[in-house]
Amino acid sequence: MAVASPSLGALILICVLLAAERLRTRLETADADGTLTDREITEALGHVRAHSVDRGEDRAVLVVQVAASSWAQCYSYTELSTRTVQARALEECGG
């Protein structure tokens, strides 16, 4: 019985999902004291540019576009008070 191979589109989507998770982990690791500083964010993002950074009293929310090949997806990364970072795929990247 032949096994169907995944389509190129599915492989690209998997690459984007993995890249988004790696970025979430880097942000979480960079958060040394429960507050992501500009320097920690810059170091975690590397060559990726944030679309926006919104700082509240107790957290930061970043919107970052993650891309692989011709596929791009924006994610919101929210710093939580538990020193963890939550990632959520967005419908649109915004302005």
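Just so it is clear, the structure is predicted and the values come from calculations on it, not from any experiment.

Asks: Teacher, can you tell me more about the overall build of the protein chain here?
Replies: The helix and strand tally for the protein chain stands at two helices and four strands. Listed by position from the N terminus, the elements making up the protein chain come as α-α-β-β-β-β. By principal-axis analysis of the C-alpha atoms, the protein chain measures approximately 55 × 30 × 20 Å. Counting only contacts in the protein chain whose residues sit at least 6 apart along the sequence, the fraction spanning at least 24 positions is 32%. A total of about 6,400 Å² of accessible surface is found on the protein chain, and carbon and sulfur atoms cover 54% of it. Of the charged side chains in the protein chain, 9 are positive and 13 negative, and the gap between their average positions amounts to 5 Å.

Asks: Help me out: how do you make sense of the pairing of strand β4 (residues 85-89) in this one?
Replies: Strand residues, when the strand is regular, have side chains that alternate between the two faces of the sheet. Strand direction decides the pairing type here: strand β3 (residues 71-79) and β4, joined by five bridges, are antiparallel. Counted as the bridge partner of T78 is Q86 from β4. Hairpin geometry of β3 and β4 is characterised by an intervening segment of five residues between the two adjacent antiparallel strands and by a positive phi of about 60° at R83.

Asks: Is there a simple way to explain the nonpolar core in this structure?
Replies: Nonpolar side chains in soluble globular proteins tend to be buried together. With 18 residues, the main nonpolar core has L27, L45, L62, V64, V66 and Y77 as its most contacted residues. Residue assignment for this core shows that the elements contributing at least two residues are α1 (8-30), α2 (38-45), β2 (60-68) and β3. Among the elements that make up this core, the one with the highest residue count is α1 (six residues). Residues in contact with L62, not counting those within four places in the same chain, are L27, I41, L45, S52, V53, Y75, S76 and Y77.

Asks: Mind showing me how you'd approach the environment of D58 here?
Replies: Within the secondary structure layout, D58 lies in the loop between β1 (50-55) and β2. On a C-alpha basis, the gap between D58 and E79 in space is 8.6 Å, while along the polypeptide they are 21 residues apart.

The rules we used
- Residues numbered from 1 in each chain as written.
- Predicted model: local features only at pLDDT ≥ 70, side-chain atom pairs only at ≥ 80, totals over all residues.
- Heavy atoms only, no water.
- Helix = DSSP H or I, 4+ residues; strand = E, 2+ residues; numbered from the N terminus.
- Contact = heavy atoms within 4.5 Å.
- Areas by Shrake-Rupley, 256 points an atom, 1.4 Å probe, with all protein chains shown as cover.
- Lys, Arg positive; Asp, Glu negative; His and termini not counted.
- Charge placed at Lys NZ, Arg CZ, Asp CG, Glu CD.
- Pairing = 2+ DSSP bridges.
- Core = buried A, V, L, I, M, F, W, Y, C linked by side-chain atoms within 4.5 Å.
- Buried < 20%, exposed > 50% of the residue type's maximum accessible area, 1.4 Å probe, protein only.

By themselves, these figures tell us nothing about what the structure is for.
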